[in-house]
Amino acid sequence: MRARYPDMDGFGERDGIKVGYEVYGSGPATIVFVPTDLIVHSRAWKAQIPYLSRFYRVVAIDPRGNGRSDRPHDPAAHTDLELVADTVAVMDEVGVDRAVLAGLCSSSWLAAVLAAEHPGRAAGIFALAAGVPYLAPPLPHRRAVPWDEPLDTDEGWAKDNLHYWRRDWRGFAEFFFDQLLPEPHSTKQWEDSVGWALECDLEAMIARKYAPLCVADKTGAEALVRRIQCPVLAVHGAADLCQPLSRSERFAELTGGRFVSLEGVGHLAQAREPVLVNRLLKDFVDSLTPRATAARWTRPLNRPHKVLMVSSPIGLGHTRRDLAIAQELRALRPGIQVDWLAQRPVSDVVAAHGESVHPASAVLASEVGHMESESAEHDLHAFQAIRRMDEILVTNFMVFDELVRTEHYDAWVADEGWDVDYFLHENPELKSSAYVWLTDFVGWLPMPNGGEPEQRLTADYNAEMVEQVARFPRLRDRALFVGDPDDCVPDGLGAGLPSVREWTETHFDFTGYITGYQPLTDDERLEARAGLGWTADETVVVVAVGGTAVGAPLLRRAIAAYPLAAAALPGLRMVVVTGPRIDPASLQVPTGVQVHGYVPDLYRLLAASDLAVVQGGLTTCMELVANRRPFLYVPLRHHFEQTFHVPHRLARYGAGRRLAYEDTTPEPLAAAIASEVGRPVSYTPVATDGAARAAKRIAELV
């Protein structure tokens, strides 16, 4: 799922060749992403477009040979002048007279040609890793490889050869982007880039290699560049193995522009350092866009005490515990203001509790929608889904960054706000307030059927986390683990890395579990049953699946099992809770089954039940443990947290009976319900002071 979809898309057509484009947003200026080299397409800018389109109109154009564009095989169709003409045609098509031109590698040259040949159309040029020919010699390893001669080796850059391309295009793409992404832990950016390369047309790619340029030598290139009249910002990674740094440096010098060198960064800074590139590009466009501005500054001692709460929407359990922490924090710091940067359904829940949802929340990209788009039948590969949420995470971090740049907070609290924690560690200079990280699990764990590739990936992600915290140990002013040391799984974080428990005990404070409420007493449980219209002697099974639509198949299976369970338990009542993202009307239910949508105080319903059937989410399971209710839990398939972290914790409490989804067809599920209803339990008691302990640690910062 994308962070933002285009407001308009279409095709520009010239000489029978269609060029795909997308248009996003509106604003006082337009940014045009000039067609990239066709080894990738306009999705290479996916980390920039959603952010920039909040402020400006953005036009993204696919190159001939990839994306939504046609794939001609004639070199004459791939010249720089043809590609520039495509860009001008699209600008005309969508009504853009003048724009800031953004280019990556060879498309920086296209931006330069467009600005020189059509000076009135270019308001500025943002050139990333400027592939401006002839301004400096190619890097030695690229000069040394003949392009169209057969070679007696395929090692290294010898793969950048016509004959190897034809034999093994994938092999070249994998090698090429491995070289272009020298930064450690770049697996996702590498996968994206290789995937886009495999979408291109190889014969079009070869034709592009033979397409002539509009200049023949250094003299011609410099003469063209000197004709550029608009402002220029050239940005280049110093570890770039594709384009020499000196090309960007010389491009800026010839145009009187600004040059920014990025130390330790490779060729694809827009992908590997998206926050930095976003800020550089927006600040550049802002500087070219005159408009009235106003600023307000408040003397520090006159500023109110404020905390920004960033609560993950992936599971409503974060919401309940964060509400409890906020309540305890107000008791410790009377008058403190708590603002919530939260998306639905979290924003709806906290607003219903009278909390202040910051208006910036309205532009957050939906993480819940993404997770639902990644799910199948009771199946969610959570690790891979979060990896593929990278575009959404950087977009939402930019919302956070804009907010905290303009409003002061004494502390930021991120409850599994993966975007905030990751990008703060990647950009530690952006930390301007006390920062608290809150989570109930540590460590990405591989699913068994993922084999060695998934073991390698999860270990790489864990290694990056370990390295970030080791390098910036004071970035998290508080790191709070919602639980106790025994709740940490015994697994290792990966080869050569510490165990989950060892590392967590070193770097976290433990709050104990946070339910967000006091467990019901026996009298309160009877009172709750009466309030729900349940008699003391009837048997009630509650089926609930949390805050996303992923659990709909389990609800349907439980309903299908009801007639068999009712035959074993005469008078059985089944209460099905769909949550905020599943339409109750979508379920067909027999007599004896009641369906509710979102239930604000679900814990009371669970506490009043004789048995619950739930997913393997930690919050709902722990609510049942705290209220000493028997329950069946069915972990989502391929969900590492529900497969490993949650069962480990429940085993420590001696709680719950785990079922595989394959064992929830009517007969076995009905039998499990009949055998578990009313079963006496002897769970380890759940802490009731977790919220107070967490709030105390946060209050020390404000």
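Everything here concerns the structure above.
Residues numbered from 1 in each chain as written. Predicted model: local features only at pLDDT ≥ 70, side-chain atom pairs only at ≥ 80, totals over all residues. Heavy atoms only, no water.

A.B. asks: Please explain the overall build of the chain as it appears in this structure.
C.D. replies: Per the secondary structure count, the chain includes 27 helices and 21 strands. Counting only C-alpha atoms, the chain reaches 90 × 60 × 50 Å along its principal axes. Buried residues in the chain amount to 59% of all 702 residues. Of the contacts made within the chain by residues no fewer than 6 positions apart, 73% connect residues no fewer than 24 positions apart. Taken as a whole, the chain presents about 26800 Å² of accessible surface, with 50% of it coming from carbon and sulfur. Of note, the chain has its 69 positive side-chain charges centred 4 Å away from the centre of its 93 negative side-chain charges. (Helix = DSSP H or I, 4+ residues; strand = E, 2+ residues; numbered from the N terminus. Buried < 20%, exposed > 50% of the residue type's maximum accessible area, 1.4 Å probe, protein only. Contact = heavy atoms within 4.5 Å. Areas by Shrake-Rupley, 256 points an atom, 1.4 Å probe, with all protein chains shown as cover. Lys, Arg positive; Asp, Glu negative; His and termini not counted. Charge placed at Lys NZ, Arg CZ, Asp CG, Glu CD.)

A.B. asks: What is the right way to read the packing of helix 6 (residues 169-180) against helix 7 (residues 187-199) from this model?
C.D. replies: Geometry of a packed helix pair, given as the angle between the helix axes and the separation of the axes. Put simply, helix 6 and helix 7 touch, their axes get as near as 9 Å, and they point 145° apart. Considering the relative orientation of helix 6 and helix 7, their crossing is right-handed. Where helix 6 approaches helix 7, its residues Trp169, Arg170, Ala173, Glu174, Phe177 and Asp178 are matched on the opposing element by Trp190, Ser193, Val194, Ala197 and Leu198. For the contact of helix 6 with helix 7, the class distribution of residues is 7 nonpolar, 1 polar and 3 charged. (Axes fitted to C-alpha atoms, helices over the stretch in contact; angles between N-to-C directions. Left-handed = near helix turned anticlockwise from the far one by under 90°. Nonpolar A, V, L, I, M, F, W, Y, C, P; charged D, E, K, R; others polar.)

A.B. asks: Is there a simple way to explain the state of the cysteines in this structure?
C.D. replies: Any covalent bond linking the sulfur atoms of two cysteines counts as a disulfide. By the definition in use, this model includes 0 disulfides. Free cysteine: Cys621, not disulfide-bonded; nearest cysteine sulfur from Cys488 at 18 Å. (Disulfide = S-S within 2.5 Å.)

A.B. asks: How should the pattern of salt bridges be read in this particular structure?
C.D. replies: Side-chain pairs of opposite charge can arise where the charged atoms are in close proximity. Counted according to the given criterion, the structure contains 55 salt bridges. Notably, a salt bridge pairs Arg14 with Asp86, separated by 2.8 Å at the nearest N-O pair. With Arg14 in strand 1 (residues 8-14) and Asp86 in helix 2 (residues 80-94), this pair connects stretches of sequence that are 72 residues apart. Per residue, the accessibility class of Arg14 equals that of Asp86, and both read buried. We note a salt bridge from Asp509 to Arg697, for which the minimum N-O separation is 2.6 Å. Of this pair, Asp509 sits in strand 15 (residues 509-510) while Arg697 sits in helix 27 (residues 690-699); the two residues are 188 residues apart in sequence, bridging distant segments of the chain. (Salt bridge = Lys/Arg side-chain N within 4 Å of Asp/Glu carboxyl O.)

A.B. asks: What is the right way to read the pairing of strand 7 (residues 232-237) from this model?
C.D. replies: A regular strand places its side chains so that they alternate between the two faces of the sheet. A large share of strand 7 lies buried, amounting to 6 of its 6 residues. The side-chain alternation of strand 7 yields two buried faces, one formed by Val232, Ala234 and His236 and the other by Leu233, Val235 and Gly237. Two elements, strand 6 (residues 122-128) and strand 7, share 4 bridges in a ladder whose sense is parallel. Bridge pairing in strand 7 links Leu128 to Val235. The sheet contact formed by strand 7 and strand 8 (residues 258-262) spans 5 bridges and is parallel. Across the sheet, the residue bridging to His236 is Ser261, located in strand 8. Handedness of the β-α-β unit built from strand 7, helix 10 (residues 245-255) and strand 8 comes out right-handed. (Pairing = 2+ DSSP bridges. Right-handed = clockwise from strand over helix to strand, strands pointing away.)

A.B. asks: Help me out: how do you make sense of unusual backbone geometry in this one?
C.D. replies: The residue after Arg344, namely Pro345, is reached through a cis peptide bond having omega 5°. Within the fold, Pro345 resides in the loop between strand 10 (337-341) and helix 14 (346-352). We note that Glu416 has phi near 50°; this positive angle belongs to a residue other than glycine. Turning to its location among the elements, Glu416 is positioned in the loop between strand 12 (411-415) and helix 18 (418-426). Positive phi is not limited to glycine here, since His638 has a value of about 65°.

A.B. asks: What exactly am I supposed to notice about helix 3 (residues 106-117) here?
C.D. replies: An α-helix turns once per 3.6 residues; consequently, residues spaced three or four apart project the same way. For helix 3, with 12 residues, the first-to-last C-alpha span of 17 Å sits near the 16 Å given by 1.5 Å per residue. Of all the 12 residues making up helix 3, 11 are buried; the element is thus mostly covered by neighbouring parts of the structure. Here helix 3 has its buried residues at Ser106, Ser107, Ser108, Trp109, Leu110, Ala111, Ala112, Val113, Leu114, Ala115 and Ala116. Contacts from the buried residues of helix 3 go to helix 2, strand 5 (99-104), strand 6, helix 8 (202-210), helix 9 (218-226) and helix 10. (Expected span 1.5 Å × (residues − 1).)

A.B. asks: How should the packing of aromatic side chains be read in this particular structure?
C.D. replies: The final tally for this structure, using the stated rule, is 29 aromatic pairs. A centroid spacing of 3.8 Å and a plane angle of 20° characterise the contact between Tyr517 and Tyr603, whose relative ring orientation is stacked. In this pair, Tyr517 is assigned in the loop between strand 15 and helix 21 (522-531) and Tyr603 in helix 23 (residues 602-608), connecting sequence segments 86 residues apart. For the pair Tyr517 and Tyr603, one class covers both residues: buried. The rings of Trp147, Trp157, Trp165, Trp169, Phe172, Phe175, Phe176, Phe177 and Tyr210 are connected pair by pair, giving a single aromatic cluster. A cation sits over an aromatic face here: Arg652 above Tyr653, 4.7 Å from the ring centre. (Phe/Tyr/Trp six-rings, centres within 6.5 Å; stacked < 30°, edge-to-face > 60°. Lys NZ or Arg CZ within 6 Å of the ring centre and 35° of its normal.)

The analysis is restricted to geometry; functional conclusions fall outside its scope.
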